[in-house]
Amino acid sequence: EVQLQASGGGLVQAGGSLRLSCAASGYTFGHYSIGWFRQAPGKEREGISCSSPDGSTYYGDSVKGRFISSDSAKNTIYLQMNNLKPDDTAVYYCATTKPYGSKCPLFAYEFWGQGTQVTVSS
């Protein structure tokens, strides 16, 4: 069974940084596309950054200064977020799917974690 668990969210002051983690299990980690998404209050979920097994990586134009990385030994991906702003307040989700392009269309992602809350104060 595919399982994803996001963690690392919390309350941070504007200008601060957070490193989110997503632990994956139940599938061959290196054979899937995986990415980070967020959903702010009253807004639709949007892609932040996704990567595919061929090594290509996508970063959303509206979300800058966010960097995805992975540790295959731990079956874990990370999202480093620096210089956070109040507009970054959202629930952040990780998701995975069978190999896909590096862009982050919601329809393509089959398996989702529960998400982790990030709140940025001014």
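Rules used in this analysis
- Residues numbered from 1 in each chain as written.
- Predicted model: local features only at pLDDT ≥ 70, side-chain atom pairs only at ≥ 80, totals over all residues.
- Heavy atoms only, no water.
- Buried < 20%, exposed > 50% of the residue type's maximum accessible area, 1.4 Å probe, protein only.
- Helix = DSSP H or I, 4+ residues; strand = E, 2+ residues; numbered from the N terminus.
- Pairing = 2+ DSSP bridges.
- Polar contact = N/O pair within 3.5 Å; in protein donor to acceptor, adjacent residues only side chain to side chain.
- Contact = heavy atoms within 4.5 Å.
- 1 Å grid on protein atoms, 1.4 Å probe; cavity = no way out; pocket = protein on both sides within 12 Å on 5 of 7 lines; lining within 4 Å.
- Points joined across faces, edges and corners; volume = space filled by probe spheres on them.
- Nonpolar A, V, L, I, M, F, W, Y, C, P; charged D, E, K, R; others polar.

(A) Quick peek at the pairing of strand 4 (residues 33–39). The buried fraction of strand 4 amounts to six of the seven residues, a majority that puts the element mostly inside the structure. Relative to strand 9 (residues 90–97), strand 4 is paired through seven bridges, and the arrangement is antiparallel. Bridge pairing links Ile 34 to Thr 96 in strand 9. Pairing between strand 4 and strand 5 (residues 46–51): five bridges, direction antiparallel. If you follow Arg 38 over to strand 5, its bridge partner there is Glu 46. The antiparallel hairpin formed by strand 4 and strand 5 contains six residues in its connecting segment, where Gly 42 sits at a positive phi of about 75°.

(B) View of the side chain of Thr 116. Of note, Thr 116 is situated in strand 11 (residues 116–121). A polar side-chain atom of Thr 116 sits 3.0 Å from the main-chain amide nitrogen of Gly 9. Residues within four places of Thr 116 in sequence aside, it is in contact with Ala 6, Ser 7, Gly 8, Gly 9, Leu 20, Ala 90, Val 91 and Tyr 92.

(C) Inspection of the side chain of Ser 51 at higher detail. When you line up the elements, Ser 51 lands in strand 5. Judged by its relative accessible area of 17%, Ser 51 is buried. Sequence-distant contacts of Ser 51, that is, excluding residues within four places in its chain, are made with Ser 33, Ile 34, Ser 56, Thr 57 and Ile 68.

(D) The arrangement of the layout of surface pockets in detail. Roughly 210 Å³ of internal volume is contained in the largest pocket. If you trace the largest pocket, you find 14 residues lining it, with Tyr 32, Ile 34, Ser 51, Ser 52 and Ser 70 closest to the centre. Per element, the largest residue contribution to the lining of the largest pocket is three residues, and it comes from strand 7 (residues 66–71). Each residue belonging to the lining of the largest pocket can be placed in one class, and the counts come to six nonpolar, eight polar and no charged.

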